[in-house]
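Breakdown of the fold
One letter stands for each residue in the lines below.
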Amino acid sequence: MDEHGPVKEKSVKRSNPLGSPEWSRGIAAGMLAILTAAAPLAADEVSMTSVKDNTLIEDPSLALSAGASSSFYSGRVGSNGGNTLRRGVIAFDIAGVVPEGSTITAVTLTLRCSKVPSGSAAQLIKLQRMLADWGEGNSVAFGGGGAPATPGSATWVNRFHPTDPWTTPGGDFSSTVSGSVMVGAVGNYTFASTAAMVADVQAWLDDPANNFGWAVIGNETTPQQIRRFDTHESALPAWRPNLVITFEPPSTNPYDLNGDGIVNGADLAILLSEWGEPGPADFNGDGTVGGADLTLLLAAWGL
Ligand SMILES: [Ca+2]
Ligand SMILES: [Ca+2]
Ligand SMILES: [Ca+2]
């Protein structure tokens, strides 16, 4: 296309095969309308278990934890435990697994319920995004009562025992419920993907420093409706929490100017908007966007 060789800016404009910039944009808009049904993007899927999980234990000592246990609890215990609350906390290393710049399209979380109080009907279990960091520590408890908190463990009052308190005892988490599932008998339960869960995971990918995971909240009103779930310390890998993420990886095609996974009218519109000027569409690096760059983009059309 660039058979005219090096040209001055004025000549570049004259060589624009699509006419004036205004007319070009009109063509681009028309092409956009025609080409909106782009080829589907390739989706990838990864699964991972939690990197940390723990139980926040409401108790008089306020210094109990269970970060290294094979279970966490959600709900209110019975009178033997003083009718106190338990809240699960769970986090995943998203940025270590999903490529930076990806677009998350679906998220499901499967937890295995391992114990149910006798006579308890199915209970709603909710995910709510944690707003502050917290520690797993090394406390091992063999029941819902917890064990003395080791340094760095999350407790009811501290994010990291014994020095860093939550803003609100019981944990700092969003009031928005990102996802939920009814949990009845022992078995696997999957939180179906929601827009809020997708938004949470996208935010954790884009800003790992603010990835604190979810609180797993059970029935906090009625005692003895509590649920026990397996953690990543569970002996059986199949019982560990399993987060499945579907995502579109970032485009590696330089002609895909808007990064949506395909070269089409939207990218042409960007190129035309930069016509005669420097810009990302200056594919051949000669300083301005022109006919040679248009040829390169058209050669990559649909890819
Ligand atoms: Ca744990
Ligand atoms: Ca594109
Ligand atoms: Ca160029």
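**Brief notes about the overall build of the protein chain**
Scanning the protein chain from N- to C-terminus turns up five helices and 15 strands. Looking at the 303 residues of the protein chain, the share that counts as buried comes to 39%. Pairs at least 24 residues apart make up 73% of the contacts formed inside the protein chain by residues separated by at least 6 positions.

**Considering the confidence of the model for the protein chain**
Averaged over every residue, the pLDDT of the protein chain is 89; the share at 70 or more is 86%. Confidence, expressed as mean pLDDT per element, reaches its minimum in the protein chain at helix α1 (residues 9-14) with 39 and its maximum at strand β13 (residues 214-217) with 99. Counting interchain partners and residues more than four positions distant, the pLDDT-below-50 stretch residues 1-19 has 25 contacts. With pLDDT under 50 throughout, residues 32-40 is counted as low confidence; its partners more than four residues away or in other chains account for eight contacts.

**Considering the pairing of strand β2 (residues 52-57)**
Burial of β2 is extensive: six of the six residues sit out of reach of the surface. Side-chain alternation along β2 places Lys-52, Asn-54 and Leu-56 on one buried face and Asp-53, Thr-55 and Ile-57 on a second face that is also buried. Note that β2 and strand β5 (residues 85-91) share six bridges and pair antiparallel. Opposite Asp-53, over in β5, you have Ile-90 as the bridge partner.

**What about the environment of Arg-87?**
For Arg-87, the location among the structural elements is in strand β5. For Arg-87, a count of 24 C-beta atoms within 10 Å puts it in the buried group. Taking the C-alpha atoms as reference points, Arg-87 and Phe-72, 15 residues apart in sequence, are found 8.0 Å from one another. Other than its neighbours up to four places away in sequence, Arg-87 contacts Thr-55, Leu-56, Ser-74, Gly-170, Gly-171, Ala-215 and Ile-217.

**Quick look at the packing of helix α4 (residues 265-273) against helix α5 (residues 291-299)**
The contact between α4 and α5 brings their axes to 11 Å, and the two run at 175 degrees. One way to sum up the angle between α4 and α5 is to call them roughly antiparallel. Facing α4, whose interface residues are Asp-267, Leu-268 and Leu-271, α5 presents Asp-293, Leu-294 and Leu-297. Here the contact of α4 with α5 is built from residues that sort into four nonpolar, no polar and two charged.

**Here's the deal with the environment of Lys-126**
Here Lys-126 shows up in strand β7 (residues 123-129). Lys-126 gets classed as buried once you count the C-beta atoms within 10 Å, which come to 20. Along the chain, Lys-126 and Thr-176 lie 50 residues apart, while their C-alpha atoms are 9.7 Å from each other. Here Lys-126 is in contact with Val-177, Ser-180 and Ile-217, once residues within four sequence places are set aside.

**Topic: the pairing of β7**
Extensive coverage of β7 is indicated by the burial of six of its seven residues. Pairing of β7 with strand β11 (residues 179-183), which is carried by five bridges, proceeds in the antiparallel orientation. The residue of β11 that forms the bridge with Gln-123 is Val-183. Here four bridges tie β7 to β13, and the two strands are oriented antiparallel to one another. Bridge pairing links Lys-126 to Ile-217 in β13.

Quick notes on the rules
Note that residues are indexed from 1 along each chain, following the sequence as it is written. Labels are handed out in written order, letters beginning with A for the chains and numbers beginning with 1 for the ligands. Thresholds applied to this predicted model are a pLDDT of at least 70 for local features of residues and 80 or more for the giving and counting of side-chain atom pairs; totals over whole chains, interfaces and linings are not thresholded and use all residues. A run of DSSP states H or I qualifies as a helix once it reaches four residues; a run of E qualifies as a strand once it reaches two. Both are numbered from the N-terminal end. For the exposure call, what matters is how many other C-beta atoms sit within 10 Å of a residue's own: 20 or more marks it buried, 12 or fewer exposed, and in between partly exposed, using C-beta atoms placed from the backbone. Note that contacts rest on C-beta atoms placed from the backbone: two residues are in contact if these are within 7 Å. Each residue carries a pLDDT value, the predictor's own confidence for that position, ranging from 0 to 100. Paired strands are those between which DSSP finds at least two bridges. Between N-to-C directions, angles span 0 to 180 degrees; the directions come from axes that are lines fitted to C-alpha atoms, helices contributing only their stretch in contact. Orientation labels follow simple angle bins: below 35 degrees gives roughly parallel, above 145 gives roughly antiparallel, 65 to 115 gives roughly perpendicular, and whatever is left gives oblique. Amino acids are sorted into nonpolar (Ala, Val, Leu, Ile, Met, Phe, Trp, Tyr, Cys and Pro), charged (Asp, Glu, Lys and Arg) and polar (every other residue, Gly among them).

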